[in-house]
Amino acid sequence: MTVLINVFVGLHIIGIASLLGGFLTQMKAMSAGTARFVPAMLHGALTMLVTGVLLVGFREMDGGPVNHIKIGVKLAVLFVILALVYVKRDEETVDKAVFGAVGGLTIANIFIAVLWH
């Protein structure tokens, strides 16, 4: 079970890297007002959702402790990210505030995962 959990942690990290990487590649465009949500951002967020839910399930099956409040907060933040990226994915440009919110929420989700014990 440990190997399976570690594989999905790796996939979860790949998902967040895709979401954050997509955001970071558009930073210059954001300052110019031409930023848009790239497909990698949507795919990364969806990867995070699927692998995160599976990780919670694996942890429960393994008998390990799960902080359900932390998971709920992270899931709520991810749902907001997914909603914004999904709704605005086909637009040529995205408002700076919306684009910045997705980046800020992504970074917040990383820090929630790392700092909340």
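Above: the structure in question.
Residues numbered from 1 in each chain as written. Predicted model: local features only at pLDDT ≥ 70, side-chain atom pairs only at ≥ 80, totals over all residues. Heavy atoms only, no water.

Q: Explain the side chain of asparagine 109 to me, please; I cannot follow it from the model alone.
A: By the secondary structure assignment, asparagine 109 is in helix H5 (residues 96–115). Residue classification places asparagine 109 among the buried positions, given a relative accessible area of 2%. (Helix = DSSP H or I, 4+ residues; strand = E, 2+ residues; numbered from the N terminus. Buried < 20%, exposed > 50% of the residue type's maximum accessible area, 1.4 Å probe, protein only.)

Q: Help me understand the packing of helix H1 (residues 2–25) against H5 in this model?
A: When two helices pack together, their arrangement is given by the angle between the helix axes and by the axis-to-axis distance. Where H1 contacts H5, the two axes come as close as 10 Å, and the packing angle between them is 145 degrees. At the point where H1 passes H5, the crossing takes the left-handed sense. Contacts from Ile16, Leu19, Leu20 and Phe23 in H1 reach Phe99, Gly100, Gly103, Thr106, Ile107 and Ile110 in H5. A per-class count over the contact of H1 with H5 returns seven nonpolar, three polar and no charged. (Axes fitted to C-alpha atoms, helices over the stretch in contact; angles between N-to-C directions. Left-handed = near helix turned anticlockwise from the far one by under 90°. Contact = heavy atoms within 4.5 Å. Nonpolar A, V, L, I, M, F, W, Y, C, P; charged D, E, K, R; others polar.)

Q: Quick question: what am I supposed to make of the pattern of salt bridges here?
A: Any two side chains of opposite charge can pair, so long as their charged atoms come close to each other. By the definition in use, this model includes one salt bridge. In this structure, the salt-bridge partner of glutamate 91 is lysine 88, at a minimum N-O distance of 3.7 Å. (Salt bridge = Lys/Arg side-chain N within 4 Å of Asp/Glu carboxyl O.)

Q: How should I be thinking about the packing of aromatic side chains in this particular structure?
A: Each aromatic ring pair is summarised here by two numbers: the centre-to-centre distance and the angle between the ring planes. A full pass over the atoms with the stated rule returns three aromatic pairs. Taking the centre distance of 5.1 Å and the plane angle of 25 degrees together, the rings of phenylalanine 23 and phenylalanine 99 count as stacked. Taken together, the residues span a long stretch of sequence, with phenylalanine 23 in helix H1 and phenylalanine 99 in helix H5 at a distance of 76 residues. Residue class for phenylalanine 99 comes out buried when judged on its relative accessible area of 0%. Relative to phenylalanine 99, the ring of phenylalanine 37 lies with its centre 5.3 Å away and its plane at 25 degrees, an arrangement referred to as stacked. On the criterion of sequence distance, the pair formed by phenylalanine 37 in the loop between helix H2 (27–32) and helix H3 (39–62) and phenylalanine 99 in helix H5 is long-range, its members being 62 residues apart. An aromatic cluster is present here, built from Phe23, Phe37 and Phe99 joined pairwise through their rings. One Lys or Arg, arginine 89, reaches over the ring of tyrosine 86 and ends 3.9 Å from the middle of that ring. (Phe/Tyr/Trp six-rings, centres within 6.5 Å; stacked < 30°, edge-to-face > 60°. Lys NZ or Arg CZ within 6 Å of the ring centre and 35° of its normal.)

Purely spatial values, then, with no claim about function.
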